[in-house]
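Chains, contacts and geometry: an overview
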Amino acid sequence: MKVVLIGVGQAGGKLTQRLAEFDQEMGFGAVQGALAVNTAEADLRNLDIETQLVGQDRVNGHGVGGDNELGADVMQADAIEVMDALDGKITARAEAIFVVAGLGGGTGSGGAPVLAKELQRVYSIPVYGLGILPGRSEGTMYQANAGRSLKTLVREADATLLVDNDAWHDAGESVEEAFKSINQNIAQRIGLLFASGESVDGVAESVVDSSEIINTLREGGIACLGYASAISGDTAEDNINLVTTITRNALLTGTSLPDATTADAALLVIAGPTDAIPRKGVEKARKWVEEETGSLQVRGGDFPLDSDRLAALVLLGGVERSPRIDDFMERAKEARERQQQDEIDHTEAFHNDDLDDLF
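Residues numbered from 1 in each chain as written. Predicted model: local features only at pLDDT ≥ 70, side-chain atom pairs only at ≥ 80, totals over all residues. Heavy atoms only, no water.

Before going further, it helps to examine the overall build of the protein chain. Summing up its helical and strand segments, the protein chain has 12 helices and 10 strands in all. Radius of gyration (C-alpha) of the protein chain: 22 Å, near the 21 Å computed for a compact globule of 359 residues. By its C-alpha atoms, the protein chain is 90 × 40 × 35 Å across when sized along the principal axes. Here the protein chain holds 359 residues, and 57% of them are scored as buried. For the protein chain, the proportion of contacts with a sequence separation of at least 24, taken over those separated by at least 6, is 80%. By element, 46% of the accessible surface of the protein chain is carried by carbon and sulfur atoms, the whole surface being about 16400 Å². In the protein chain, which carries 30 positive and 59 negative side-chain charges, the distance between the mean positions of the two groups comes to 6 Å. (Helix = DSSP H or I, 4+ residues; strand = E, 2+ residues; numbered from the N terminus. Rg over C-alpha atoms; globule rule 2.2 N^0.38 Å. Buried < 20%, exposed > 50% of the residue type's maximum accessible area, 1.4 Å probe, protein only. Contact = heavy atoms within 4.5 Å. Areas by Shrake-Rupley, 256 points an atom, 1.4 Å probe, with all protein chains shown as cover. Lys, Arg positive; Asp, Glu negative; His and termini not counted. Charge placed at Lys NZ, Arg CZ, Asp CG, Glu CD.)

In this section: empty space enclosed by the protein. According to the stated counting rule, one finds 1 cavity of 30 Å³ or more in the structure shown. When its volume is computed, the largest cavity comes out at roughly 50 Å³. Counting only elements with at least two residues in the lining of the largest cavity, the list comes to α1 (9–26), β2 (31–38) and α2 (41–45). Sort the elements by how many residues they give to the lining of the largest cavity and α1 lands first, with 4 residues. Its residues placed into classes, the lining of the largest cavity shows 4 nonpolar, 5 polar and 2 charged. (1 Å grid on protein atoms, 1.4 Å probe; cavity = no way out; pocket = protein on both sides within 12 Å on 5 of 7 lines; lining within 4 Å. Points joined across faces, edges and corners; volume = space filled by probe spheres on them. Nonpolar A, V, L, I, M, F, W, Y, C, P; charged D, E, K, R; others polar.)

This part takes up the sheet that holds strand β5 (residues 127–133). The sheet built from 10 strands is open, its strands ordered β3-β2-β1-β4-β5-β6-β7-β10-β8-β9 with mixed pairing. Every other strand in the sheet has two partners, leaving β3 (50–53) and β9 (298–304) as the edge strands with one partner each. The sheet shows a mean angle of 20° between the axes of neighbouring strands, direction not considered. By the bridge criterion, 6 bridges tie strand β1 (residues 3–8) to β2 in an arrangement that is parallel. Each residue of the ladder has a partner; that of V8, found in β2, is V37. Lying on the sheet, α1 is in contact with β1, β2, β4 (96–102) and β5; it crosses β1 at an angle near 150°. Packed onto the sheet, helix α10 (residues 240–252) meets β7 (221–231), β8 (265–272) and β10 (309–317) and runs at close to 45° relative to β10. (Pairing = 2+ DSSP bridges. Axes fitted to C-alpha atoms, helices over the stretch in contact; angles between N-to-C directions.)

Attention shifts here to the packing of helix α6 (residues 107–122) against helix α7 (residues 140–156). One can describe the packing of α6 onto α7 by two numbers: an axis separation of 8 Å at closest approach and a directional angle of 5°. Judged by the inter-axis angle, α6 sits roughly parallel to α7. Taking contact as the criterion, the partners of S109, A112, P113, A116, K117 and Q120 in α6 are, on α7, N145, S149, T152, L153 and E156. (Parallel < 35°, antiparallel > 145°, perpendicular 65-115°, else oblique.)

For β9, a buried count of 7 out of 7 residues is recorded, marking the element as mostly surrounded by other parts of the structure. Judged by which residues are buried, β9 turns out to be covered on both faces: V298, G300, D302 and P304 on one side and R299, G301 and F303 on the other are all buried. Running through helix α11 (residues 279–293), the crossover from β8 to the neighbouring parallel element β9 is right-handed. (Right-handed = clockwise from strand over helix to strand, strands pointing away.)

Let us look at the pattern of salt bridges. A complete count under the given rule lists 16 salt bridges for this structure. For R148, the salt bridge goes to E69, with nearest N and O atoms at 2.9 Å. Of this pair, R148 sits in helix α7 while E69 sits in helix α4 (residues 68–77), and the two are 79 residues apart along the sequence. Between E283 and R286 there is a salt bridge; the shortest N-O distance is 2.9 Å. Of this pair, E283 and R286 both sit in helix α11, 3 residues apart, which is roughly one turn of that helix. (Salt bridge = Lys/Arg side-chain N within 4 Å of Asp/Glu carboxyl O.)

This next bit is on the packing of aromatic side chains. For the structure on display, the rule yields 4 aromatic pairs. A centroid spacing of 6.1 Å and a plane angle of 65° characterise the contact between F22 and F28, whose relative ring orientation is edge-to-face. Taken individually, F22 and F28 each receive the classification buried, so the pair is uniform in this respect. On the basis of an interplanar angle of 50° and a centroid distance of 5.1 Å, the ring pair of F98 and Y128 is categorised as tilted. Residue F98 is found in strand β4, and its partner Y128 is found in strand β5; the two are separated by 30 residues along the sequence. For the residue pair F98 and Y128, the accessibility class agrees, reading buried in each case. A network of ring pairs unites the aromatic residues F22, F28 and F303 as a single cluster. (Phe/Tyr/Trp six-rings, centres within 6.5 Å; stacked < 30°, edge-to-face > 60°.)

Side chains of D57, E81, D84 and D87 sit close together on the surface and give a patch of like negative charge. Mapped onto the elements, D84 comes out in helix α5 (residues 79–85). (Patch = residues over 30% accessible without salt bridge, like charges linked within 9 Å, V, L, I, M, F, W, Y side chains within 5 Å.)

Moving on, we get to the environment of N60. In this fold, N60 is placed in the loop between α3 (56–59) and α4. Along the backbone, N60 and E41 are 19 residues apart, and their C-alpha atoms lie at a distance of 8.6 Å.

Read these as spatial facts, not as claims about activity.
Laid out in structure tokens, this is it:
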């Protein structure tokens, strides 16, 4: 699947760069272009991909300080500059555009939905969101921002692929280590998904093409991605049970949105050496995904890859009714209410007509 990536905000820019690097390192050729957009000039200096600074007249290159309403205003005002920076990157070869953003900050959470809406207006190919949800331990502002941003991004994008920050890193890591490993894991997993429709090594017995990814990313819905891998056996016959096992692990313990297993559509991709992928095992695993998700639209296919491991990718479309989403939106609502309470002018409690204000 040939894609163009647009990272918005600090987290979006870093992840976009890592996705582009992974694609280049693996020689997939799925990422056709990458651009990072931010209001903070310092964050853009550390990136090796092309960049676009926005909001200079409002924040002078210093960022929006977590204010996602300001982030949205800035993106709306400078949308033409961003579209000009994309000129030449979105060619006839591109099959989809992904707007990549951390949904808890200011520029990403505010700017991503605005940019998705503008891209929808101009381009006829699908425009997807790749959104990163803040973990439970991140502050009130991040939870409230992400709730509002997600609600808007889902409306403006054709589909939104979500990654929960609590999903793909090891417990006990420092914040810096956690974000680094999260970006690496996202790049590996989603990078493999992008590349699965491309011809890389060998000939697939059951081809996965871009249309199957697009059809699984149901319009207007929330999607998530599961992943698991294991060392391959020598022959396809040796791997029948292994394929079922890694598929179960991908869906039950390895998804980007933990506990989201009920879906409207699904795509199972088994990646690894061509001769080691068992057709019987893939079909057995596909039927299990159908039963587990309750979906009658479960597509499947092979992704030939030069590796000593077999990997299962399970893309779920239409998971917005999952308990995980309900739990997050309730958390975001409570955070927003606390945020609004903190915005009350507490000086009113000290109002006294007998005293003049200092200023």
